[in-house]
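Take a look at the letters that make up each chain.
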Amino acid sequence: MSDANGATLGARTLRVCALYPDLMNIYADRGNLLMLERRCRWRGIGFDLTASGLGEALDADAHDLFYLGGGQDRDQRLCAEDLLESKSASLRSAAAREAVVLGVCGGYQLLGRSYTLGEQTIEGVGLLDVRTAREDDRRLIGNVAIEVHLDDADGDSAGRVLAGFENHGGRTTLGEGAAPLGRVLRGHGNDGRSGCEGARSGNTIGTYLHGPLLPKNAWFADWLIARALAIDVSQLAPLDDRLEDEAHLSARHAAGL
Ligand code: GLN
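The structure displayed is predicted, hence computed values, not measured ones. (Residues numbered from 1 in each chain as written. Predicted model: local features only at pLDDT ≥ 70, side-chain atom pairs only at ≥ 80, totals over all residues. Heavy atoms only, no water.)

(A) Fine view of the nonpolar core. Within the largest apolar cluster, 67 residues are counted, with the highest numbers of intra-cluster contacts made by Leu91, Leu162, Phe220 and Leu224. Ranked by the residues each element gives to this core, the list is headed by helix α5 (residues 218–229), at 10 residues. Sequence-distant contacts of Phe220, that is, excluding residues within four places in its chain, are made with Leu150, Leu162, Ile205, Leu213 and Leu214. (Core = buried A, V, L, I, M, F, W, Y, C linked by side-chain atoms within 4.5 Å. Buried < 20%, exposed > 50% of the residue type's maximum accessible area, 1.4 Å probe, protein only. Helix = DSSP H or I, 4+ residues; strand = E, 2+ residues; numbered from the N terminus. Contact = heavy atoms within 4.5 Å.)

(B) Focus on the pairing of strand β4 (residues 100–104). β4 sits mainly inside the fold: five of its five residues count as buried. On β4, burial covers both faces: Val100, Leu102 and Val104 on one face and Val101 and Gly103 on the other are all buried. Two strands pair when backbone bridges link them, and strand β3 (residues 65–68) and β4 are joined in this way by four bridges, in the parallel orientation. Residue pairing for β4: Phe66 is matched across the bridge by Val101. What joins β3 to β4 is helix α2 (residues 73–96), and the crossover it makes is right-handed. Sheet topology places β4 next to strand β14 (residues 204–207); four bridges connect them, and they run parallel. When the sheet's bridge partners are listed, Gly103 is paired in β14 with Gly206. (Pairing = 2+ DSSP bridges. Right-handed = clockwise from strand over helix to strand, strands pointing away.)

(C) A look at the packing of aromatic side chains. According to the stated counting rule, one finds four aromatic pairs in the structure shown. When the centroid spacing of 5.7 Å and the interplanar angle of 75° are considered together, the rings of Tyr27 and Phe165 count as edge-to-face. Of the two residues, Tyr27 sits in the loop between β1 (13–19) and α1 (31–41) while Phe165 sits in strand β9 (residues 160–168), which places them 138 residues apart along the sequence. Cluster of aromatic residues (ring-pair linked, three or more members): Trp219, Phe220 and Trp223. (Phe/Tyr/Trp six-rings, centres within 6.5 Å; stacked < 30°, edge-to-face > 60°.)

(D) Here's a closer look at the pattern of salt bridges. Throughout the structure, instances matching the rule amount to 11 salt bridges. Here Arg39 makes a salt bridge to Asp222, at a shortest N to O gap of 2.8 Å. Placement of the pair is Arg39 in helix α1 and Asp222 in helix α5, with a sequence separation of 183 residues. Residue Arg39 shares its accessibility class with Asp222, and that shared class is buried. Among the ionic pairs, Asp240 bridges to Arg242, the shortest N-O distance being 2.6 Å. Exposure class is identical for Asp240 and Arg242. Each is exposed. Salt bridges here are not isolated pairs; linked through shared partners, they connect Arg39, Arg43, Asp222 and Asp241. (Salt bridge = Lys/Arg side-chain N within 4 Å of Asp/Glu carboxyl O.)

(E) Region of interest: the sheet that holds strand β7 (residues 130–134). Spatial ordering of the open sheet is given by β6-β5-β7-β10, a layout of four strands whose pairing is mixed. The open sheet is flanked by β6 (120–123) and β10 (170–174), the only strands paired with a single partner. Here the average twist between neighbouring strands, direction ignored, is 20°. Here β7 runs beside β10; their pairing, made up of five bridges, is antiparallel. (Axes fitted to C-alpha atoms, helices over the stretch in contact; angles between N-to-C directions.)

(F) Inspection of the sheet that holds strand β13 (residues 199–201) at higher detail. Taken in spatial order, the six strands of this open sheet run β2-β1-β3-β4-β14-β13, and their pairing is mixed. Single-partner strands in this sheet number two, and they are β2 (46–52) and β13. The sheet shows a mean angle of 15° between the axes of neighbouring strands, taken without regard to direction. Two elements, β1 and β3, share four bridges in a ladder whose sense is parallel. Each bridged residue has a counterpart across the sheet, and for Val16 the counterpart in β3 is Leu65.

(G) The site of the ligand, seen in detail. Residues in close proximity to the ligand total 18 residues, the closest being Asp73, Gln76, Cys105, Arg139 and Gly170. Measuring from a nitrogen atom of the ligand, one finds a side-chain N or O atom of Asp73 at 2.6 Å. The contact in question runs from a nitrogen atom of the ligand to an N or O atom on the side chain of His210, over 3.0 Å. Bound to the protein, the ligand loses 99% of the 300 Å² it would expose on its own. Listed by contribution, the elements that provide at least two residues to the shell around the ligand are α2, α3 (106–111) and β9. Class assignment for the residues of the shell around the ligand results in four nonpolar, 11 polar and three charged. (Near = heavy atom within 4 Å. Polar contact = N/O pair within 3.5 Å; in protein donor to acceptor, adjacent residues only side chain to side chain. Areas by Shrake-Rupley, 256 points an atom, 1.4 Å probe, with all protein chains shown as cover. Nonpolar A, V, L, I, M, F, W, Y, C, P; charged D, E, K, R; others polar.)

Structural measurements only, silent on function.
Given below as structure tokens:
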């Protein structure tokens, strides 16, 4: 296995930073980190995990992938303040050098421009041109499947399916600077109306899919690993994915696909 520069991938290490892993870990979102770790280690790729919590500074150059999971509104408030104070400048500079930034649900909302709850508007990091607001008390809950097109290299690659579970009170609206991550096949997506789910800007991705997301969508875990290591996904050694394929199929079926 070798990368574009001829160096073996075994000599590479994926450096991951988990933001607020204790506060932003609803629906076992931490499973996404485990999935990244296993798929790297099974291939002999190193895996280095750092946590960055409240009050801790963030080194923009020390990580290839930044991860922010989902959370309750009260925990999101705490994290939002801290993000703005001690981390958003670093996150923006990491995104500018094309590090991967992945936000799930509450994390997705915080990567956007704002999250409005009644009278209060929480300012987000602004990496994604989206805004989220609580509209009423009805939460958007259920199994969800979306179709995504991620390979911008050839432009016309077949769409792939991400399947998971959503549970959010916030409705997210995309601004002109954001593209949806995918098209809703089943479920609610960003707002239950637009047919769009998640958002993407370069290597910054936000989605409402829990599950956790990556164990149910192994292909997406590999896509993220490849992006973060700046290699083509075809350079990752194939793995025995029988269990992962079953998990994916079962999530698709649960969503009604
Ligand atoms: N608190 C947010 C909402 O309800 C996000 C919830 C979550 O992460 N599941 O919209």
